[in-house]
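Chains, contacts and geometry: an overview
If you want the building blocks of each chain, they are given just below.
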Number of protein chains: 2
Amino acid sequence: MARPRPLSGFPELLPADRIVELHVLDTLRRTFELWGFAPVETRAVEPLEQLLRKGEIDKEVYLLRRLQAEGEEEGDPARRLGLHFDLTVPFARYVLENAGKLQFPFRRYQIQKVWRGERPQDGRFREFVQADVDVVGAGELPFHHEVELPIVMIEALTALAEVGTPPVRVHVNNRKVAEGFYAGLGLADVAAVLRTVDKLDKVGPDVVAELLRDEAGASRAQAEACLAMARISAPDASFVDRVRALGVEHPLLDAGLVELARVVEATAEHVPGALVADLKIARGLDYYTGTVYETVLLGHEDLGSICSGGRYDALASDGKDTYPGVGLSIGVTRLVSRLVGRRLVAASRPVPTCVLVALTAEEDRAAADCLATGLRRRGIATEVSPSAAKFGRQIRYADRRGIPYVWFPQADGTHQVKDIRSGDQKDADPAAWLPPAEDLRPRVVPVVSSPA
Amino acid sequence: MARPRPLSGFPELLPADRIVELHVLDTLRRTFELWGFAPVETRAVEPLEQLLRKGEIDKEVYLLRRLQAEGEEEGDPARRLGLHFDLTVPFARYVLENAGKLQFPFRRYQIQKVWRGERPQDGRFREFVQADVDVVGAGELPFHHEVELPIVMIEALTALAEVGTPPVRVHVNNRKVAEGFYAGLGLADVAAVLRTVDKLDKVGPDVVAELLRDEAGASRAQAEACLAMARISAPDASFVDRVRALGVEHPLLDAGLVELARVVEATAEHVPGALVADLKIARGLDYYTGTVYETVLLGHEDLGSICSGGRYDALASDGKDTYPGVGLSIGVTRLVSRLVGRRLVAASRPVPTCVLVALTAEEDRAAADCLATGLRRRGIATEVSPSAAKFGRQIRYADRRGIPYVWFPQADGTHQVKDIRSGDQKDADPAAWLPPAEDLRPRVVPVVSSPA
């Protein structure tokens with residue numbers, strides 16, 4: 001078989017980079033658990049009709065078909081399965097399916113792969129990992145969770161700063177502000193305006209103004225008012241007066257401004273400087289009804305949002321009850337691919353192994369295995385040399401694998417251990433020796449960048 | 001939308017059971033890392049031609065198709081994608097793809113979902129998690145890894161005994177023993193004999209004898225010899241004489257008996273009683289060339305093997321180099337579904353949360369949030385009450401969610417914390433209070449079974 005080649009959009013990592021990714025995942029999980037989110041994992045597949053309820057995404061779904069069913073008629077469309085493209089739709093289905101067994105407000109985190117048949121580009125993949133937190137209520141959900149959730153994500157992402165992850169800034173808007181403003185302006189097709197304004201960063205204000213006139217039925221003055229609002233952003237509640245100065249009145253706008261000001265002010269107390277009101281944030285998905293969030297990695301704005309979400313009121317409903325929620329989703333693969341791709345963060349070694357036990361002769365393998373077992377029992381990751389080659393070759397093997405210590409059982413029953421980086425070799429007691437704490441496991445550390 | 005129903009073969013867990021599964025996954029990962037296996041994750045999809053190289057499995061593959069490509073002609077078959085059905089085939093491809101960047105012998109663990117379009121039944125799923133370890137050499141791989149790998153898996157599974165997992169026993173055979181024996185008997189179609197003997201547990205000796213005669217061209221005496229060998233099992237090397245007593249001679253048989261005896265004897269030193277030679281073990285897959293393994297959970301033999309694998313010499317080859325390996329795979333979903341389904345193992349609570357901070361009034365939320373932040377900084381998972389309802393209701397909320405402690409900030413600035421299980425309420429210093437260690441996080445513990 002010829003050497004296989006990577007599949008575009010389906011990223012894979014070498015072990016050293018996978019160690020970075022695992023550190024990111026462990027850190028996120030740890031933060032989510034400290035905030036009382038319970039772990040949930042859903043199956044990777046959903047009925048197609050479930051996936052298509054959300055709109056906009058239908059072209060990107062991967063359908064599944066068993067090979068042995070090839071050539072048969074397609075079955076009942078309700079029974080066709082597709083891979084999930086996010087974790088929100090499966091979670092809404094999980095809540096409905098298990099509502100009788102869950103306590104509300106239900107707080108869960110979920111860290112899984114999702115799939116989208118999109119054209120791959122930098123930071124955009126066909127298979128990638130998301131890390132989501134949501135709080136869902138039964139019938140109602142207090143507003144304060146819209147303040148709580150961005151703080152959870154800011155803390156989770158800030159916990160990664162010590163390994164070299166750049167700081168983040170969450171950009172927040174409120175769907176009620178946008179909808180109230182457009183309605184107050186007299187624009188009937190609010191959804192069309194939202195979709196158009198969402199393109200601002202991609203196509204620029206002139207094209208958006210044109211599209212607002214051509215596709216959303218806006219007059220020149222209405223289009224200008226939309227753009228004027230989209231230009232407003234602030235790290236505090238000063239945005240409220242600037243919106244008011246545009247002269248638009250609507251009850252939904254009033255309600256949205258109060259909520260958005262509360263989000264900005266309350267988060268400023270807990271995580272100062274990490275969140276701004278940004279009135280151009282639209283979020284494409286049509287199920288958001290309150291606060292919406294996007295997040296940039298400072299200095300890496302070109303990557304797009306690494307953590308997005310919002311408040312939704314009607315995503316999950318079984319006809320009798322509705323389950324409003326608020327959630328945010330970190331694009332883990334997007335974040336990690338930048339961290340390792342730009343060499344911002346690295347693992348101190350590509351293997352868990354701390355000690356390689358050297359072998360004088362193959363007959364000593366059983367004794368070396370026992371020694372290794374003893375070290376492992378004390379938490380020291382250990383391998384026995386794969387062969388009883390000359391010591392020089394065994395040391396080079398450890399060096400190539402990135403293993404810092406080689407252990408030499410001596411003929412007289414004593415032991416020595418060599419730090420192969422410094423060459424230091426010392427007597428060691430297998431029942432007591434410990435490596436320095438920083439060598440015990442691979443560490444994930446910032447890369448000190450040299451000038452390009 | 002009507003209440004959704006589970007999809008057969010795609011299991012999902014409630015949070016308490018997911019906590020058990022995470023404990024299993026964390027424990028396996030910890031053991032694998034202590035033995036020096038590096039983490040690898042591969043994409044979920046492989047080109048279909050890659051998946052079909054292995055035979056026998058073709059009917060079970062899920063093919064992928066983008067919804068927007070529906071109705072188009074099927075493209076180049078080499079570019080069609082399917083979901084992987086195990087982690088061995090993707091790993092072999094990963095090794096070939098990255099051979100220049102890996103150090104051999106390369107040791108990796110891989111814990112991921114796989115998919116098979118099989119008919120679901122007890123312990124058999126369409127989507128499930130596998131946890132694999134493999135060692136792969138470049139060109140050659142010493143035999144001693146065939147001794148090492150079952151010990152790794154026995155230690156990983158035995159590390160789960162403290163939470164209530166029953167002990168395991170690995171059943172081992174060697175493909176050389178079987179192939180040498182059949183060839184020495186004069187049976188030409190060794191693969192057909194292997195496949196037939198593999199059905200012994202399912203259909204019984206009489207049907208196997210019949211099939212050996214009808215489908216593998218065996219005489220009555222040859223079929224009886226095959227069955228006589230398949231009946232041999234032993235916890236030590238005594239099986240060698242019993243095979244010899246059947247009077248069959250073949251160089252491959254000799255080589256296989258030496259290897260199998262070494263596996264049994266060497267593992268008996270490290271993990272006494274956990275491994276037996278069992279000459280009926282065949283393993284369906286045709287790429288095994290040396291030791292093969294299956295593992296039963298004692299008292300749960302009906303579940304089938306929970307950890308299987310073997311030595312393979314030619315799974316990965318780029319024409320120039322071959323990469324022989326040996327690996328074992330734990331069926332995590334099969335194991336966990338039994339542990340939680342039979343209530344052998346349970347989580348002490350279904351949420352990470354240790355403390356609920358009670359609220360006297362909604363105006364106190366900011367202060368309660370600060371208090372919660374302080375507790376989290378000290379590693380105590382904390383939530384703030386979702387509402388300032390009467391304390392009785394807030395305590396009932398904690399109780400329903402399984403949160404053991406409720407924190408009451410007092411009007412005079414002091415604090416009290418109540419253990420809601422005992423009703424004990426005491427003064428507490430938010431900068432110093434710690435719960436007993438067993439309450440800090442949900443514990444995974446054996447369920448003491450009551451008589452049925």
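Residues numbered from 1 in each chain as written. Chains lettered and ligands numbered in written order. Predicted model: local features only at pLDDT ≥ 70, side-chain atom pairs only at ≥ 80, totals over all residues.

Structural notes on the overall build of chain A
Helix and strand content of chain A: 15 helices and 19 strands. For chain A, the spread of C-alpha atoms along the principal axes amounts to about 90 × 60 × 45 Å. Taking all 452 residues of chain A together, the buried fraction comes to 47%. Across chain A, contacts joining residues at least 24 apart in sequence account for 70% of those joining residues at least 6 apart. (Helix = DSSP H or I, 4+ residues; strand = E, 2+ residues; numbered from the N terminus. Buried ≥ 20, exposed ≤ 12 C-beta atoms within 10 Å, placed from the backbone. Contact = placed C-beta atoms within 7 Å.)

Quick word on the interface of chain A and chain B
At the junction of the two partners, chain A supplies 71 residues and chain B supplies 70 residues. Element by element, the count of residues in the side of chain A that touches chain B is highest for helix H1 (residues 15–34) of chain A, at 6 residues. With 5 bridges connecting them, strand S3 (residues 62–66) of chain A and strand S3 (residues 62–66) of chain B associate as antiparallel partners. Pairing of arginine 65 of chain A across the sheet is with leucine 63 of chain B, part of S3 of chain B. (Pairing = 2+ DSSP bridges.)

Brief notes about the pairing of strand S7 (residues 168–174) of chain B
Residues and elements named next belong to chain B. Judged by how many residues are buried, S7 sits mostly within the fold: 5 of 7 residues are covered. Both S7 and strand S10 (residues 288–297) contribute to a ladder of 7 bridges, which runs antiparallel. Paired with asparagine 173 across the bridge in S10 is valine 292.

Thoughts on the pairing of strand S6 (residues 127–136) of chain B
All names here are of chain B. Judged by how many residues are buried, S6 sits mostly within the fold: 10 of 10 residues are covered. Alternating positions in S6 separate into two faces, Glu127, Val129, Ala131, Val133 and Val135 on one and Phe128, Gln130, Asp132, Asp134 and Val136 on the other, with burial throughout. By the bridge criterion, 10 bridges tie strand S5 (residues 106–115) to S6 in an arrangement that is antiparallel. Residue tyrosine 109 lies in a different strand from S6, and its bridge partner there is valine 133. Both S6 and strand S12 (residues 325–331) contribute to a ladder of 7 bridges, which runs antiparallel. Residue pairing across strands places aspartate 134 opposite glycine 327, the latter belonging to S12.

Let's talk about the packing of helix H1 (residues 15–34) of chain B against helix H11 (residues 332–341) of chain B
Think of two packed helices as two axes; the pair is described by the angle between the axes and how far apart they sit. Residues and elements named next belong to chain B. Following both chains from N to C, one finds H1 and H11 inclined at 135°, their axes separated by 10 Å at the closest point. In terms of axis orientation, H1 runs oblique to H11. Between H1 and H11 the crossing geometry is right-handed. Where H1 approaches H11, its residues Asp17, Val20, Glu21, Val24 and Leu25 are matched on the opposing element by Val332, Leu335, Val336, Leu339 and Val340. (Axes fitted to C-alpha atoms, helices over the stretch in contact; angles between N-to-C directions. Parallel < 35°, antiparallel > 145°, perpendicular 65-115°, else oblique. Left-handed = near helix turned anticlockwise from the far one by under 90°.)

Thoughts on helix H6 (residues 190–197) of chain B
All names here are of chain B. All buried positions along H6 are accounted for by Val193, Leu194, Thr196 and Val197. Looking straight down H6, one finds that the buried residues subtend no more than 165° of arc, so they occupy a single side. In this structure, the buried side of H6 is in contact with helix H5 (175–185), helix H7 (200–215) and helix H8 (220–230). (Arc of directions from axis to C-beta.)

Re the sheet that holds strand S17 (residues 415–419) of chain B
Residue and element names in this part refer to chain B. Pairing in this open sheet of 5 strands is mixed, and the strands run S15-S14-S16-S17-S18 from one edge to the other. Edge positions in the open sheet fall to strand S15 (382–384) and strand S18 (425–427), since each of these has one partner strand only. Strand after strand, the sheet turns through a mean of 25° between neighbouring axes, direction not considered. Summarising the sheet, strand S14 (residues 355–357) and S15 pair through 3 bridges and their orientation is parallel.

Comments concerning the domain arrangement of chain A
Partitioning chain A into structural domains gives domain 1 (15–167 + 298–346) and domain 2 (355–434). Distance between the C-alpha centres of domain 1 of chain A and domain 2 of chain A: 44 Å. (Domains from an automatic or database assignment.)

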